[in-house]
Structure formats: C-alpha cells, structure tokens
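Tertiary structure, described
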Amino acid sequence: MIQSVSADELLFFDTKQQALPLYMAFREAVLGRAPDARIEVKKTQISFFNQHMFAAVSFTPVRRAKERPNPFLTITFGLSYRKESTRIDTATEPYPNRWTHHVMIGTEEEIDEELISWIQEAADFADRK
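Let me sum up the structure you'll find in this document. (Residues numbered from 1 in each chain as written. Predicted model: local features only at pLDDT ≥ 70, side-chain atom pairs only at ≥ 80, totals over all residues. Heavy atoms only, no water.)

**Concerning the environment of F48**
By secondary structure assignment, the location of F48 is in strand β2 (residues 45-49). By relative accessible area, F48 is classed as buried at 0%. The sequence separation of F48 and F59 amounts to eleven residues, and the corresponding C-alpha distance is 16 Å. Beyond its immediate stretch of four places on either side in the chain, F48 contacts Y23, F26, R27, V30, R38, I39, M53, F54, A55 and V57. (Helix = DSSP H or I, 4+ residues; strand = E, 2+ residues; numbered from the N terminus. Buried < 20%, exposed > 50% of the residue type's maximum accessible area, 1.4 Å probe, protein only. Contact = heavy atoms within 4.5 Å.)

**A word on the sheet that holds strand β4 (residues 73-79)**
With antiparallel pairing, the six strands of this open sheet are ordered in space as β1-β2-β3-β4-β6-β5. Only two strands of the sheet have a single neighbouring strand rather than two, namely β1 (38-41) and β5 (90-95). Averaged over neighbouring strand pairs, the angle between their axes works out to 20° when direction is ignored. Taken together, the five bridges between β2 and strand β3 (residues 53-58) define a ladder with antiparallel strand orientation. (Pairing = 2+ DSSP bridges. Axes fitted to C-alpha atoms, helices over the stretch in contact; angles between N-to-C directions.)

**What to know about the side chain of T74**
Tracing the backbone through its elements, the reader meets T74 in strand β4. Of note is the side chain of T74, whose polar atom sits 2.6 Å from the backbone oxygen of T60. Each residue touching T74, except ones within four places of it in the same chain, is listed here: A56, V57, S58, F59, T60, V62, H102, V103 and M104. (Polar contact = N/O pair within 3.5 Å; in protein donor to acceptor, adjacent residues only side chain to side chain.)

**As for the pairing of β1**
As judged from the four bridges shared by β1 and β2, these two strands associate in the antiparallel manner. Looking across to β2, one finds that V41 is bridged to I46. What sits between the antiparallel neighbours β1 and β2 is a turn of three residues.

**With respect to the packing of aromatic side chains**
The full count for this structure, using the stated rule, is eight aromatic pairs. Considering the side-chain rings of F13 and F59, the 5.7 Å spacing of their centres and the 85° angle between planes classify their relative orientation as edge-to-face. Remark: F59 occurs in the loop between β3 and β4 and F13 occurs in the loop between α1 (7-12) and α2 (20-33); sequence separation between them is 46 residues. Summarising the burial analysis for this pair, F13 and F59 share the class buried. Measuring from centroid to centroid gives 6.5 Å for Y23 and F48, while their planes differ by 40°, and the two rings are tilted. Taken as a pair, Y23 in helix α2 and F48 in strand β2 lie far apart in primary sequence, 25 residues in all. Residue Y23 is classed as buried on the basis of its relative accessible area, which comes to 0%. Through pairs of rings, three or more aromatic residues link up here, namely F12, F13, Y23, F26, F48, F59 and F72. For the cation-ring pair, K16 lies above F59, with the distance from its terminal atom to the ring centre recorded as 5.2 Å. (Phe/Tyr/Trp six-rings, centres within 6.5 Å; stacked < 30°, edge-to-face > 60°. Lys NZ or Arg CZ within 6 Å of the ring centre and 35° of its normal.)

Take a look at the structure:
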C-alpha cells in the first residue's frame, strides 16, 4: 500500500503546482519499488530514505533556463560510481566512491524503467552503507 501524500509534500509545490503531477508519478514509481521508504520534506527538496537518503526531488536548475522544460523536476540519486547516460545532466563525486547524479525531467513519460532502475540501484546502495 502506497503512503498517502502529506500536507508538507503538497505545500512544497505551492508555487509550482504544474510540477505536482511529475512528483506524484515519480513518488508512485519509487514507492512501488520501495514501499517502506520514508519521505522527508525540507525547504529545498523532498528526500526518500531507507537506511540513508537514496533519492531527492527538487527544483535545482541543472540546465540553463532556456534548456529547462516547463514544468520540471530535478531527480537526484547517489551511487558508488558515475553512471554514464545522456539523460544525466550532472554527476559529481563529493566523496570518494560516492557519486551524486542529477536528472531533469519535464514529462511523466521520462519516469520510465531506466530512471526508476537507477533509483532502485541507489536505494540498494544506500541500504548497504
């Protein structure tokens, strides 16, 4: 059973209501794979946790303004290595063997098996830390 959406989650999209359907589709896909994930809403992102944070949703502008879809969400996830894909907007290694990846999405169709498999891999990685 997928957790009900909290008031804090809805409030996060108060000024960006157009992006809410993207979040809802992403949330459902993530919780479909990790039903026990904890969701925490902060000022700048919504984070998904098991033992540790494995994914986040934000409005981080990882592309130039003219290259961003409208609406958009930035999906962030962490792995032990750099994932190579043209879909990944940026990847950084803040700590040795800890890569943070950012993927900007603008349609629900982009929340596909490839993206969710990366999130699943990140959840498995976070669970092993």
